[in-house]
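# Examination of the molecular architecture
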Amino acid sequence: MNEAIIASHVSKNYGRVRALRDVSFSVGKGEVFGLIGPDGAGKTSMFRILCTLLLPDVGTASVDGYDVVRQMSDIRRRVGYMPGKFSLYQDLTVQENLEFFATLFGTTVEEGYDSIKAIYSQIERFKDRKAGALSGGMKQKLALSCALVHQPSVLFLDEPTTGVDPVSRKEFWDMLSMLKERQITIVASTPYLDEVRRCERVAFLSEGQVMGIDTPDVILDRFKDVFNPPGIEHEKTMGVAEENVIEVEHLVKAFGDFHAVDDISFSVRKGEIFGFLGANGAGKTTAMHMLTGLNQPTSGTGRVCGFDIRTQYEDIKRHIGYMSQKFSLYEDLTVAENIRLFAGIYGMQDDEIARKTDDLLRKLQFEEHKNDLVGSLPLGWKQKLAFSVSIFHEPGVVFLDEPTGGVDPATRRQFWELIYDAASRGITVFVTTHYMDEAEYCDRISIMVDGKISAMGTPEELKRTLNQPDMDHVFTYLARQATRSSD
Amino acid sequence: MIKYLLQKEFLQIRRNSFMPKIIFIFPIMVMCVMPWVMNQEVTNIRVDVVDTDRTTESQQLVHQIEQSNYFIFNGQKATYQEALKDIETSQADIILEIRDGQYLIAANAVNGTKGSIGSSYLSQIVTAHVQPSVVAIQSKVSTLFLYNKGQSYKVFMIPALMGILMMMLCGFLPALNIVGEKEKGTIEQINVTPVSKWSFILAKLIPYWLIGLLVLTVCLILSWLVYGITCQGPLLLIYLLAILLALFFSSFGLIISNYSDTMQQAMLVMWFFVVCLMLLSGLFTPTRSMPSWAYLTTYVNPMHYFIDAIRTVFVRGGTFQSIAHQVYALVCISTLMAVWAVKSYKKNN
Amino acid sequence: MTRIKMNTFLSFVIKETRHILRDKRTMLILFGMPVVLMLLFGFAITNDVKNVRTVAVTSQMDHLTQTAIDRLAASEYFSITATVPQPQEAELLIRSQQADLAVVFAHDFAAKKSGVQFIVDGADPNMAQQWVTYAQQVILNPQSSLVNLKLLYNPRMKSAYNFVPAIMGMLLLLICAMMTSVSIVREKEQGTMEVLLVSPVRPLMIIVAKAVPYLLQALLILFIILAMSATVLDVPLQGSLGWILVVSFIYILLALSLGLLISNVAQTQFVALLVSAMMLLLPTVMLSGMLFPVESMPRILQWVSAIIPPRYYIQAMRKLMIMGVGIGEVWQEVTVLTGMTILLLVISLKKFNKRLS
């Protein structure tokens, strides 16, 4: 097998930060190769060097036989690249975005349609909508379509499926397999274990160094404390009282003719961990916005912590915590300053804030980073910190919108320990996620399809009644019944 | 609760790599450079003389022109055409032709002010030279200038510059700041907290008000140190006017940021209105020279009231009585804008 | 292959045009700005002496005094708001901001045809001087037949003649430099630049494609300004349209390369906006001779203004458009502009990052 990519002894420093240290690997032609590792391991730097966007400090690399330093334009003609924060043109419509990227790579949407059909067909009916008006997951799907519409000889994908629901992720990887048949070399990074398993070989990067290169099973087994940490023991009945903290009846949110949330009813008990699942565009975020008082419902009633979501939304805000994947903390403030800001907003006193800040940082073993800017922390740490800040004022309910998107398994596990800790203190947790292993951690889950709740119960109940082996299958089974996809 | 939000704003301003520089350098630059630039005084007018008479009298006249402060003698030209060539290539501004005892002054009037003032100065010199009796009449005319005895244009412009600075600091910066939070999505996080509209908005504005007042103080000190120009009226009134103007422009900035989605949009819209408000305020040109339709707009133009009032206090030494009318108008307009600003900011839609 | 390249290029241009068209508010401002500025500068912003509130001070109203006051009232420059017997009263009126100028007639004014004192609000020294000069001329009516006055190019002394080229200089710079730089930096900020760079499209083409819509927009605005100045403002186009367009085109290219340079320096839209506002717009308005004549500035600022491109453009346009001279008369300005354009274009293309820094 001839080699499509060869990296030998590549190092890259940003000032004092050593992003890559003596990295060497090679990828065969037509191979699906995974670059995996925790956040900040140097994956993105590696991608950028291979795409000729960055120059390596030391070492050489070649792609498709061309040197990344000297033969930049040859490489750029041959590779496709989807960066981690691939962003679309928000003010162009779905179709205009796709057409633009098609012509950019010298092809047309018609020519490349086959390779994007599986994903693009889900959003095709919204082709006249502006990309900025799509939900997060839908944007990602469009970005995928844009990246795949041409067929380069080498494809670099940097965490392409962050924020994408399990069903679409499967479809995406099926498409990648199709590309492989056409002898396209694919290098992808991903935090999802099921996706890691679909690679032929993976390189495990940690702190800029290659820790091992082998088949997924070998790597996952060898570094299982990183990738497959032991499950969390959780007494599920403990702390759950009879009292309802969230009660929702016949809630509807319509944008014109379109019912983003279409008559949902459910209740969440105090101290419960409630998983709010659904495909991209099923209406999760809209529903959450109504519960947190960011949006008014079109019809229906709801109470959070005993307050009406229609009239008493300002009271609700005093009794809840909220954390979203998109933004949680101010990046230009330090850790301590962020805590102080949000604690102060909820009316805590200075001495109390100071004391609890020290307690919290000690518990997170984060004291030495107290005065670091949040922007300089790795993603996983940011998310743990953001969660801790969102429950700092001991709210009745905390709403978590995809809190662990793009976070590696070990950090996710630590994150869930924090969630359990909060629940044991009587804080109700309302969480959305696309990780099905996390769905298993919830006390109760609901699955939204097309704006309606199509199933609700404990994970065991759902598996039993729908006769599926695990949550992944439950989700796939229900989500495949969807007829629309948008929010 | 507002204390914590204020702390956050100040920290963010300090951390920003650009902001402290702007806040520091901008006022100094404006105060030290602008008064020199905004000089409408007409001097150094280059004169071409076409003297076909060649008499002693005409030569004396040329000599007089050379001695005047306003003119620079550019040279004798043989013909009018030749002199005109000089004007076309911008080597001269004005031509004096002496032929058969007749005098013709031709001035480049592309810049109307310069052309008319230059030609009237020159015709005064010529008239005085030819008909000393006119001078005798004119010498009996005396002029008493009230205020600004030194006839310095800087005295006139410096208070206006303070207005421009307040507008920049209290209008543009908070507007961009809020649209910035919108673009990043951080505003959503604040919207799910119990922070009230008022505290959020106040926390955004107060830092810039304080910065604005600080800058104003720096300006007052600089104008004293650099130009020896001091405020003739009570300083407190200057601050009162500045606060009112700051209130207006920050409300205005807030309204624009509430209705804009991107920074570029906010900046352009803001810029557009600011340019119009400024040009129509009487800052550069007297409002009474405007046609009536334009003059009508000054009734709702807060910048006009501000410029009028601050010049009255700073240059003419006015007291509260003399600017009461302007202060009330500013209070009304600013309050109206503030209410609109708070109303248009929505936490829940 | 070339056809495909052309397609890609076109689709780029279409995409950029869409960005511009989608943002209705920005569009409105960009096209509304020239119109509003032209109207304001054409009509509203003038230094003309007009409607000066004048107080006549006379203790005895004889025939000659009356004629003098009537002459003042009849002129469009002055409007008599009050007639008072004592100068102190007039001064009070000025101090309370109810009058700008007082004309004090001596009691023997009629006899000697002299003895006039002006009391004037000197806060604005320029205007104060002009008021006095005008009033003097109206009252004393000196025999001016001795001197023939001829105001070249702008006989009615309209400020629009002076400002139209200035507005062109400012707006073209604003649109081409600021908008281009912001639109490039936005792609950097949003992360799309990474994809564009890795695509087979040559980086130079990305830049050229970005510049084309703004270039067209700038030309369109140029036409709007020229048309308005000829029709609405009555500022006739004296010179040859062809040369005006050629010089403007050089200037637009210069502005585009400046924008490109800014986009290389700035990492965020915020910085790009501030840099173009502070480093481009402010010096243009202040130092280019647009509002304030360069000759009146201190020597050191005159040197600074020598490196400001709009200065040469505005000067060239004043000559070409208003004075109607031939291209031979402006070769200096055009040479400087061309030199600057080439220099900036070379620097900005050299500096353009083909990789992430």
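Residues numbered from 1 in each chain as written. Chains lettered and ligands numbered in written order. Predicted model: local features only at pLDDT ≥ 70, side-chain atom pairs only at ≥ 80, totals over all residues. Heavy atoms only, no water.

## Some points on the overall build of chain C
Scanning chain C from N- to C-terminus turns up 14 helices and five strands. Against the 2.2 N^0.38 benchmark of 21 Å for 357 residues, chain C shows a C-alpha radius of gyration of 27 Å, more extended than a compact globule. Dimensions of chain C along its principal axes, counting C-alpha atoms only, are 95 × 45 × 40 Å. Buried residues in chain C amount to 60% of all 357 residues. (Helix = DSSP H or I, 4+ residues; strand = E, 2+ residues; numbered from the N terminus. Rg over C-alpha atoms; globule rule 2.2 N^0.38 Å. Buried < 20%, exposed > 50% of the residue type's maximum accessible area, 1.4 Å probe, protein only.)

## Here's the deal with the packing of aromatic side chains
Two descriptors summarise a pair of aromatic rings, namely the distance from one centre to the other and the angle between the planes of the rings. All names here are of chain A. With the rule as written, the count across this model stands at 37 aromatic pairs over all chains. Seen in terms of ring centroids, Phe 172 and Trp 173 are 6.3 Å apart; in terms of plane orientation they differ by 85°. Their pairing is edge-to-face. By the burial criterion, Phe 172 is buried, and Trp 173 matches it. On the basis of an interplanar angle of 50° and a centroid distance of 5.4 Å, the ring pair of Phe 387 and Phe 415 is categorised as tilted. (Phe/Tyr/Trp six-rings, centres within 6.5 Å; stacked < 30°, edge-to-face > 60°.)

## Re empty space enclosed by the protein
As enumerated under the stated definition, the model contains seven cavities of 30 Å³ or more in all. Reported here for the largest cavity is a volume of approximately 560 Å³. Around the largest cavity, the lining is made up of 33 residues, and of these Met 168, Trp 271 and Met 278 of chain B together with Leu 281 and Leu 282 of chain C lie nearest the centre. Breaking the lining of the largest cavity down by element, the ones donating at least two residues are helix H2 (19-37), helix H7 (153-184) and helix H11 (263-279) of chain B together with helix H2 (24-44), helix H7 (159-190) and helix H11 (269-287) of chain C. The element best represented in the lining of the largest cavity is H7 of chain B, accounting for eight residues. Of the residues that constitute the lining of the largest cavity, the class distribution is 33 nonpolar, no polar and no charged. In terms of lining residues, the second largest cavity is bounded by 13 residues, among which Tyr 322, Phe 342, Val 389 and Ser 390 of chain A together with Gln 189 of chain B are the most central. The residue inventory of the lining of the second largest cavity, partitioned by class, reads seven nonpolar, six polar and no charged. (1 Å grid on protein atoms, 1.4 Å probe; cavity = no way out; pocket = protein on both sides within 12 Å on 5 of 7 lines; lining within 4 Å. Points joined across faces, edges and corners; volume = space filled by probe spheres on them. Nonpolar A, V, L, I, M, F, W, Y, C, P; charged D, E, K, R; others polar.)

## Describing the interface of chain B and chain A
Contacts between the two partners involve 23 residues from chain B and, on the opposite side, 33 residues from chain A. Taking both sides of the interface into account, the surface hidden between chain B and chain A amounts to around 2,600 Å²; carbon and sulfur atoms contribute 55%. Joining chain B to chain A, the criterion identifies two salt bridges. Note that Arg 15 of chain B and Glu 337 of chain A form a salt bridge whose closest N and O atoms lie 2.9 Å from each other. Those elements that place two or more of their residues in the side of chain B that touches chain A are helix H1 (2-15) and helix H8 (186-191) of chain B. Looking at which element gives the most residues to the side of chain B that touches chain A, the answer is H1 of chain B, with eight residues. (Contact = heavy atoms within 4.5 Å. Buried area = accessible area lost by both parts, 1.4 Å probe. Salt bridge = Lys/Arg side-chain N within 4 Å of Asp/Glu carboxyl O.)

## Here's the deal with the interface of chain C and chain B
Every contact between the two is made by 94 residues of chain C and, on the other side, 90 residues of chain B. The interface formed by chain C and chain B holds two salt bridges in total. As a salt-bridge pair, Glu 329 of chain C and Lys 85 of chain B come within 3.4 Å of each other at their nearest N and O atoms. There are six residue pairs in polar contact (both at pLDDT 80 or more) connecting chain C and chain B. Among the elements of the structure, H2, helix H4 (87-95), strand S4 (116-121), helix H6 (125-140), strand S5 (147-152), H7, H11 and helix H13 (309-323) of chain C are those that each provide at least two residues to the side of chain C that touches chain B. Looking at side-chain class alone, the side of chain C that touches chain B contains 55 nonpolar, 22 polar and 17 charged residues. Pairing of strand S5 (residues 142-146) of chain B with S4 of chain C involves five bridges; the strand directions are parallel. (Polar contact = N/O pair within 3.5 Å; in protein donor to acceptor, adjacent residues only side chain to side chain. Pairing = 2+ DSSP bridges.)

## With respect to the domain arrangement of chain B
Each domain of chain B was delimited in the assignment, giving domain 1 (2-38 + 148-344) and domain 2 (45-139). A separation of 46 Å is found between the C-alpha centroids of domain 1 of chain B and domain 2 of chain B. (Domains from an automatic or database assignment.)

## Regarding the packing of helix H10 (residues 235-259) of chain B against H11 of chain B
All names here are of chain B. Axis separation between H10 and H11 bottoms out at 9 Å; the angle between their running directions is 140°. When you trace H10 past H11, the crossing you get is right-handed. Across the interface between the two elements, Phe 248, Phe 249, Phe 252, Gly 253, Ile 256 and Tyr 259 from H10 touch Gln 265, Ala 266, Val 269, Met 270, Phe 273, Val 274 and Leu 277 from H11. The residue inventory of the contact of H10 with H11, partitioned by class, reads eleven nonpolar, two polar and no charged. (Axes fitted to C-alpha atoms, helices over the stretch in contact; angles between N-to-C directions. Left-handed = near helix turned anticlockwise from the far one by under 90°.)

## Quick look at helix H15 (residues 409-424) of chain A
Each full turn of the α-helix corresponds to 3.6 residues, which orients residues three or four apart in the same direction. All names here are of chain A. Compared with an ideal rise of 1.5 Å per residue, which puts 16 residues at 22 Å, H15 spans 23 Å between its outermost C-alpha atoms and is within 8% of the ideal. Burial analysis of H15 places twelve of its 16 residues in the buried class, the great majority of the element. Buried within H15 we find Pro 409, Ala 410, Thr 411, Arg 412, Arg 413, Phe 415, Trp 416, Leu 418, Ile 419, Tyr 420, Ala 422 and Ala 423. In the stretch just after H15, Gly 426 is the one whose phi turns positive, near 95°. (Expected span 1.5 Å × (residues − 1).)

## Thoughts on the pattern of salt bridges
All names here are of chain A. Counted under the stated rule, the structure contains 49 salt bridges over all chains. Ionic pairing is found between Glu 195 and Arg 169, a salt bridge with its closest N-O pair at 3.1 Å. With a gap of 26 residues between them, Glu 195 in helix H7 (residues 193-196) and Arg 169 in helix H6 (residues 166-181) connect regions that are remote in the sequence. Under the relative-accessibility criterion, Arg 169 is labelled buried at 5%.

## Here's the deal with the sheet that holds strand S2 (residues 17-28) of chain A
Residue and element names in this part refer to chain A. Here we have four strands laid out as an open sheet, ordered S2-S1-S4-S5, and antiparallel in their pairing. The outermost strands of the open sheet, each flanked by one partner alone, are S2 and strand S5 (66-67). Summarising the sheet, strand S1 (residues 3-14) and strand S4 (residues 58-63) pair through five bridges and their orientation is antiparallel. From the neighbouring strand, Ala 7 faces S4, where its bridge partner is Ala 61. Sheet strands touched by helix H1 (residues 43-50): S1, S2 and S4. Its angle to S2, the strand with the most contacts, is close to 60°.

## A look at the pairing of strand S8 (residues 185-189) of chain A
Working note: regular strand, side chains alternate between the two faces of the sheet. Residues and elements named next belong to chain A. For S8, the buried fraction is high: five of the five residues fall into the buried class. On S8, burial covers both faces: Thr 185, Val 187 and Ser 189 on one face and Ile 186 and Ala 188 on the other are all buried. Alignment of strand S3 (residues 32-36) against S8, held across four bridges, turns out to be parallel. From the neighbouring strand, Gly 34 faces S8, where its bridge partner is Ala 188. Note that strand S7 (residues 154-158) and S8 share five bridges and pair parallel. By the bridge assignment, Leu 157 is partnered in S8 with Ala 188. As a crossover connection, the stretch from S7 through H6 into S8 is right-handed. (Right-handed = clockwise from strand over helix to strand, strands pointing away.)

## Describing the side chain of Lys 204 of chain B
Residue and element names in this part refer to chain B. Here Lys 204 shows up in helix H9 (residues 197-227). Judged by its relative accessible area of 1%, Lys 204 is buried. Excluding residues within four positions of it along the chain, Lys 204 makes contact with Lys 8, Glu 9, Asn 177, Ile 178 and Glu 181.

## Focus on the environment of Lys 452 of chain A
All names here are of chain A. Here Lys 452 shows up in strand S20 (residues 452-457). For the pair Lys 452 and Leu 176, spaced 276 residues apart in sequence, the C-alpha separation works out to 31 Å. Not counting residues up to four positions away in its chain, the partners in contact with Lys 452 are Asp 262, Ile 264 and Ile 447.

## Some details on helix H3 (residues 56-67) of chain B
Residues and elements named next belong to chain B. If you check H3, its first and last C-alpha atoms are 17 Å apart, about what twelve residues at 1.5 Å a residue would give, namely 16 Å. Taken residue by residue, H3 has Ser 58, Leu 61, Val 62 and Ile 65 as its buried positions. Projected down its long axis, H3 carries its buried residues within an arc of 100°, all on one side. Those residues of H3 that are exposed and aimed more than 90 degrees away from the buried face are Thr 56 and Gln 67. Among the structural elements, strand S1 (45-51), strand S2 (71-76), strand S3 (94-99), strand S4 (102-108) and helix H5 (112-130) are those in contact with the buried residues of H3. (Arc of directions from axis to C-beta.)

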